[in-house]
Amino acid sequence: MSAHEQFAEDLALLALGALQGEDRAALEKHLEGCPACRLELEHLRGDMALMAMSSAGPKPPQRSRQRLLDAIAKEPRATAADTAPTRSRFNWWAAFGWAMALAMFLVVVQLRRENSVLKDSVNTLAQMMGQSTVELANAKRVVETLTAPESQTVTLVAAKTPLQPQGKAFYLRNKNSLVFVASNLAPLPPDKIYELWLFPQNGGAPIAAGLFKPDARGNATVVNPPGLPAGVEAKAFAVTLEPAAGSHDSPRGTGVMQGGA
Ligand SMILES: [Zn+2]
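Residues numbered from 1 in each chain as written. Predicted model: local features only at pLDDT ≥ 70, side-chain atom pairs only at ≥ 80, totals over all residues. Heavy atoms only, no water.

(A) Up close: the overall build of the chain. A count of helices and strands for the chain gives 5 helices and 7 strands. When the helices and strands of the chain are placed in sequence order, the string is α-α-α-α-α-β-β-β-β-β-β-β. Considering the chain as a whole, with its 261 residues, one finds that 29% of them fall into the buried category. Excluding contacts between residues fewer than 6 apart, the proportion of contacts in the chain whose partners are at least 24 apart in sequence is 60%. Total accessible area on the chain stands at roughly 16900 Å², and carbon and sulfur atoms take up 59% of it. (Helix = DSSP H or I, 4+ residues; strand = E, 2+ residues; numbered from the N terminus. Buried < 20%, exposed > 50% of the residue type's maximum accessible area, 1.4 Å probe, protein only. Contact = heavy atoms within 4.5 Å. Areas by Shrake-Rupley, 256 points an atom, 1.4 Å probe, with all protein chains shown as cover.)

(B) Summary view of the side chain of Ser 247. Assignment of secondary structure puts Ser 247 in the loop between strand S6 (234–243) and strand S7 (254–260). For Ser 247, a relative accessible area of 3% translates into the label buried. Polar contacts involving the side chain of Ser 247 include one to the side chain of Glu 242, which spans 2.6 Å. Not counting the four nearest positions on each side in its chain, Ser 247 is found in contact with Glu 195, Trp 197, Ala 208, Glu 242 and Arg 252. (Polar contact = N/O pair within 3.5 Å; in protein donor to acceptor, adjacent residues only side chain to side chain.)

(C) How the structure looks around the nonpolar core. Ranked by internal contacts, the top residues of the largest apolar core, which has 19 residues, are Phe 180, Leu 185, Leu 196, Leu 198, Phe 212 and Val 239. If near-sequence neighbours (up to four positions away) are discounted, Leu 185 is found in contact with Pro 165, Tyr 194, Phe 212, Pro 214, Gly 218, Ala 220 and Met 257. (Core = buried A, V, L, I, M, F, W, Y, C linked by side-chain atoms within 4.5 Å.)

(D) Molecular detail of the packing of aromatic side chains. By the definition in use, this model includes 3 aromatic pairs. Residues Tyr 171 and Phe 237 carry aromatic rings whose centres are separated by 5.7 Å and whose planes lie at 75 degrees to one another, so their mutual orientation is edge-to-face. Highlighted residues: Tyr 171 in strand S1 (residues 166–172) and Phe 237 in strand S6, separated in sequence by 66 residues. Ring-pair connections join several aromatic residues into one group, and the members of that group are Phe 180, Tyr 194 and Phe 212. (Phe/Tyr/Trp six-rings, centres within 6.5 Å; stacked < 30°, edge-to-face > 60°.)

(E) Local environment of the sheet that holds strand S5 (residues 220–223). A sheet is described by the order of its strands in space; here 3 strands give the open sequence S1-S2-S5, paired in antiparallel fashion. The sheet is open, and its two edges are formed by S1 and S5, each paired on a single side. Taking each pair of neighbouring strands and ignoring which way they run, the sheet shows an average axis angle of 5 degrees. (Pairing = 2+ DSSP bridges. Axes fitted to C-alpha atoms, helices over the stretch in contact; angles between N-to-C directions.)

(F) Geometry of a nonpolar patch on the surface. A grouping of Val 142, Leu 146 and Phe 170 is seen on the molecular surface, where their side chains present a nonpolar patch of about 250 Å² in accessible area. For Leu 146, the location among the structural elements is in helix H5 (residues 84–147). Classification of Leu 146 as partly exposed rests on a relative accessible area of 30%. (Patch = residues over 30% accessible without salt bridge, like charges linked within 9 Å, V, L, I, M, F, W, Y side chains within 5 Å. Salt bridge = Lys/Arg side-chain N within 4 Å of Asp/Glu carboxyl O.)

(G) Highlighting unusual backbone geometry. With a phi close to 60 degrees, Asn 184 is a non-glycine residue in the positive phi region. For Asn 184, the position within the fold is in the loop between strand S2 (177–183) and strand S3 (192–200). Of note, the phi angle at Asn 224 is positive, near 45 degrees, even though the residue is not glycine. Among the structural elements, Asn 224 can be located in the loop between S5 and S6.

Written out as structure tokens, the structure reads:
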């Protein structure tokens, strides 16, 4: 038996990090002078890395598995030089080595499981995003229909009733969201502007809720005016005719229309 064959099993153990003590020292000494065993050790280490990183499954690459089995099969036959304690030591370390390999496979299996859980999360998020996109598109359509200049706005009233200025406020106080649509507004006098006011339920001072000018057909919209405080319950809305810069703390101009919430 050549020296390499004697060291074949120890090479597998060394690659697994399970070779210690005198045996390790002896093998390392042999490796210094034996390119063939050094090459085999590199192969074994490469196979270990492949096993640990394999995404193909918890099965080791066939090539590596076969070579490890071959290494075990080359276990020295009982000879006069083979004392019983040596054989017993080898079997124990071999079992330890395979236990290490099994542990690596279990890590791979666990990683694959986690990967699967992550994939499920990604799918759920993608579904939620799809739903949000649909909701956003619907919201955009509603707002666009209410506010686009090219949107046809038709006011329907009882027959033979002269058209009066009118407005509709849609107010969602929990979302701090306000959409106001007005029609049949008289053209603005010079240096004047229309202003929308929110009268709080708690009797507090009226809150300025947006300045607006009607278009040529007398239509106007106010969408989510800036500076609206959050969560205020509305008792009423009103529109006044104010100086061109608007009023901030309270309405000073003439009332145009109003309505209780
Ligand atoms: Zn050798």
